[in-house]
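Given next are the chains, with one letter for each unit.
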Amino acid sequence: MIITSGIAKYRFLDDMHYPFKANPHFLHWLPLTQHPYSWIAYTPGKKPVLAYYQPDDYWHVPPTAPEGDWVEHFDIRILSEPADAVHHLPSTGRSAIIGEDDSGLPGFAPNNPESVLNALHFQRAYKTPYELSRQRLAQRRAVPGHLAARAGFLAGQSEAQIHAAYLAATGHTDPDLPYNNIIGLNENGATLHYQYKNTQAPAQHRALLIDAGAEVDGYASDITRTWGNGDAHFQALIDAVEREQLALCANVRAGTDYRDLHLDCHLRLGRVLKALDIVDMDPGAMLETGVTSTFFPHGLGHPIGLQVHDIAGYTDENGQLIPRPAGHPFLRMTRTLAPGMVVTIEPGLYFIPTLLAKLKESQHGHAVNWKNVEHLAKFGGVRIEDEVHCTDGAPENLTRDAFAELS
Ligand code: GLY
Ligand code: MN
Ligand code: MN
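With an unreviewed UniProt entry as reference, the protein is termed Xaa-Pro dipeptidase, source organism Arenimonas oryziterrae DSM 21050 = YC6267. What UniProt records for the protein under Function (unreviewed entry) is the sentence "Splits dipeptides with a prolyl residue in the C-terminal position."

Structure follows, in structure tokens:
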């Protein structure tokens, strides 16, 4: 098996490249996140070869000499030219060559055999003790950012200032975050992947929805918190979503079909909508008719690890789709939970103008208390997101554990 780390990709008509993101298969072997043009060659029974690209470069800081616990486990060959990798790769026999098409070298074009990738992707869902240790650290790296963001919200900062405070507290810069931070004040919290950071603070700070992670040795965290300004109705909504979120986290148990958790989440959120006088309908009927999906239009969560949305959440070991429940097209996890899996649990309730307009027009529009919706819409929405490790017994909530240690 031969795995490329990838290449630096240049902007069109430009000599600057995009931030480098390594092939996750390469990161699965080694914590080398900033190492384009490197290769791993594994021949069963032999020490794996690492062709390690370390150019003589005075424009950039080249990678340091290989260091870390992993070094003794590899036969390391230093390269100063990307093309020299071919001299260190096995050229006879059958090879699975895994990587992006553009990272190949003569005689070593990636072939990405489907059966190999399907098996690797499926197994990636089960984390090793080493991987769990990295994921715990990624939580601990993110939590100070969330605490700083909350303080920034209370101090009346802009989205851009809150983002800067998050970066400073986590020691991240934008390009090395696992995903673009989502930092939405007030109504902006209703845009699921709100992509801007307004430099102007709003006149009023009613709510902050922050969905922000951190990275350690290639492993990601993905955490969401929502804060209010003391408005009783919005705080009741936050508290209710959090109660249901914690109950769902407690149900991350081996043998549970994640699809059932997702549907159970809809029923729970339906009960919240009813209890808070937002929708007057039976929660089961809200789920059946798609009314809960107006307020909760995304999936309950996804596997996470080397990728924020880790691969193979809804495929089996043969790459076959494990179907989503009808009417739930955005669910990214349809597998049965098993020890070693780490998944996010991220219920939310949002007031999204375009979806609300459709509901208003529908036959169920009359069941909605529009006055309450109008009030809550000024706060955007609520999402609470943790990472949970499925074990043989009680689940381990990686996120809550990190908050408890660091708050
Ligand atoms: N931050 C993206 C997500 O929660 O899936
Ligand atoms: Mn998230
Ligand atoms: Mn997530």
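A. Fine view of the coordination of the manganese ion (ligand 3). For the manganese ion (ligand 3), the protein coordination sphere consists of Asp222 (OD), His302 (NE2), Glu346 (OE) and Glu385 (OE), at 2.0 to 2.2 Å. Here the manganese ion (ligand 3) binds six donor atoms, and the angle range of 51 to 160° at the metal identifies the geometry as irregular. As a motif over one chain, the donors of the manganese ion (ligand 3) read D-x79-H-x43-E-x38-E. If you look at the manganese ion (ligand 3) and the manganese ion (ligand 2), they sit 3.4 Å from each other and are both ligated by Asp222. Here Asp222 is found in the loop between strand 9 (219–220) and strand 10 (223–228), whereas its partner Glu346 is found in the loop between strand 11 (342–345) and strand 12 (348–350), with 124 residues between them in sequence. For the residue pair Asp222 and Glu346, the accessibility class agrees, reading buried in each case.

B. Spotlight on the site of ligand 1. Around ligand 1 lies a shell formed by Tyr179, His193, Asp211, Asp222, His302, His309, Glu346 and Glu385. Interatomic distance of 3.1 Å between a side-chain N/O atom of His302 and an oxygen atom of ligand 1. In the model, an oxygen atom of ligand 1 is placed 3.2 Å from a nitrogen or oxygen of the Glu385 side chain. When isolated, ligand 1 has an accessible area of 190 Å², and the protein chains bury 92% of it. Comparing atom positions with the cavity grids shows ligand 1 to sit within the second largest pocket. A breakdown of the residues in the shell around ligand 1 according to their chemical character gives one nonpolar, three polar and four charged.

C. Focus on the layout of surface pockets. Roughly 1100 Å³ of internal volume is contained in the largest pocket. Along the walls of the largest pocket sit 37 residues, with Pro19, Phe20, Lys21, Thr33 and Gln34 positioned nearest its centre. Breaking the lining of the largest pocket down by element, the ones donating at least two residues are helix 1 (24–29) and strand 9. Each pocket or cavity is described by its volume, and for the second largest pocket that value is around 510 Å³. Residues that form the lining of the second largest pocket fall into these classes: 10 nonpolar, eight polar and seven charged.

D. Main features of unusual backbone geometry. A positive phi angle, close to 60°, is found at Leu13, a residue other than glycine. Within the secondary structure layout, Leu13 lies in the loop between strand 1 (2–4) and helix 1. Backbone geometry at Asp217 places phi at a positive 50°, although glycine is not the residue there. Among the structural elements, Asp217 can be located in the loop between strand 8 (215–216) and strand 9.

E. Just the coordination of the manganese ion (ligand 2), in detail. Taken together, Asp211 (OD), Asp211 (OD), Asp222 (OD) and Glu385 (OE) make up the full set of protein donors to the manganese ion (ligand 2), lying 2.0 to 2.3 Å away. Here the manganese ion (ligand 2) binds six donor atoms, and the angle range of 57 to 170° at the metal identifies the geometry as irregular. Spacing between the donor residues of the manganese ion (ligand 2) along their common chain follows D-x10-D-x162-E. Exposure remark for Glu385: the relative accessible area of 0% places this residue in the buried category.

F. Summary view of the nonpolar core. With 45 residues, the main nonpolar core has Leu237, Tyr258, Ile278, Val279, Phe295, Leu337 and Ile345 as its most contacted residues. The set of elements that each furnish at least two residues to this core consists of helix 5 (232–250), helix 6 (258–275), helix 8 (291–295), strand 11, helix 9 (353–361) and helix 10 (370–377). Counting residues per element, this core draws most heavily on helix 5, at seven residues. Once residues lying within four places of it in the same chain are set aside, the contact partners of Ile345 are Gln245, Leu248, Cys249, Val252, Tyr258, Leu261, Leu300, Ile384, Glu385, Asp386 and Val388. The next biggest cluster of nonpolar side chains, apart from the first, holds 17 residues, and it includes Ala142, Leu167, Leu177 and Leu208.

G. How the structure looks around the UniProt feature "binding site: Mn(2+) 1" (unreviewed entry) in the protein. The positions that UniProt labels "binding site: Mn(2+) 1" (unreviewed entry) are, in the present scheme, Asp222, His302, Glu346 and Glu385. Look at the named residues: they lie 164 residues apart in sequence, but the longest C-alpha span between them is just 10.9 Å, so in the fold they bunch up. Here the residues from the annotation list that line the second largest pocket are Asp222, His302, Glu346 and Glu385. When sequence neighbours within four positions are dropped, the list of residues in contact with Asp222 reads Tyr179, Asp211, Ala212, Gly213, His302, Ile304, Val308, Thr344, Glu346, Glu385 and Glu387. Looking at Asp222, its side chain comes within polar contact range of the side chain of Tyr179, at 2.9 Å. The residues contacting Glu385, other than those within four sequence positions of it, are Asp211, Asp222, Ile223, Thr224, Arg225, Gln245, His302, Thr344, Ile345, Glu346 and Thr399. Engagement of the side chain of Glu385 in a polar contact is seen with the side chain of Thr224, the distance being 2.7 Å.

H. Geometry of the pairing of strand 7 (residues 207–212). Most of strand 7 sits inside the fold, with six of its six residues counted as buried. Where burial is concerned, the two faces of strand 7 agree: the one with Ala207, Leu209 and Asp211 and the one with Leu208, Ile210 and Ala212 are both buried. Bridging between strand 6 (residues 182–185) and strand 7 involves four bridges; their strand directions are antiparallel. Residue Ile183 lies in a different strand from strand 7, and its bridge partner there is Ile210. Bridge analysis of strand 7 against strand 10 gives six bridges, and the strand direction is antiparallel. For Ala207, the partnering residue across the bridge sits in strand 10 and is Gly228.

I. Structural detail: the sheet that holds strand 5 (residues 97–98). The sheet built from five strands is open, its strands ordered 4-3-2-1-5 with mixed pairing. In this open sheet, the two strands that pair with only one neighbour each are strand 4 (75–79) and strand 5. Note: strand 3 (residues 49–53) against strand 4, five bridges, orientation parallel. Within strand 4, the position partnered with Ala51 by the bridge is Arg77.

What counts, and at which threshold
Residues numbered from 1 in each chain as written. Chains lettered and ligands numbered in written order. Predicted model: local features only at pLDDT ≥ 70, side-chain atom pairs only at ≥ 80, totals over all residues. Heavy atoms only, no water. UniProt positions renumbered as here; feature names shortened; annotations may be inferred. Donors = N, O, S within 2.8 Å, 3.2 Å for Na, K, Ca; no water. Tetrahedral: all angles 85-135°; square planar, octahedral: opposite > 155°, others 65-115°. Helix = DSSP H or I, 4+ residues; strand = E, 2+ residues; numbered from the N terminus. Buried < 20%, exposed > 50% of the residue type's maximum accessible area, 1.4 Å probe, protein only. Near = heavy atom within 4 Å. Polar contact = N/O pair within 3.5 Å; in protein donor to acceptor, adjacent residues only side chain to side chain. Areas by Shrake-Rupley, 256 points an atom, 1.4 Å probe, with all protein chains shown as cover. 1 Å grid on protein atoms, 1.4 Å probe; cavity = no way out; pocket = protein on both sides within 12 Å on 5 of 7 lines; lining within 4 Å. Sits in = over half its atoms within 2 Å of the grid points. Nonpolar A, V, L, I, M, F, W, Y, C, P; charged D, E, K, R; others polar. Points joined across faces, edges and corners; volume = space filled by probe spheres on them. Core = buried A, V, L, I, M, F, W, Y, C linked by side-chain atoms within 4.5 Å. Contact = heavy atoms within 4.5 Å. Pairing = 2+ DSSP bridges.

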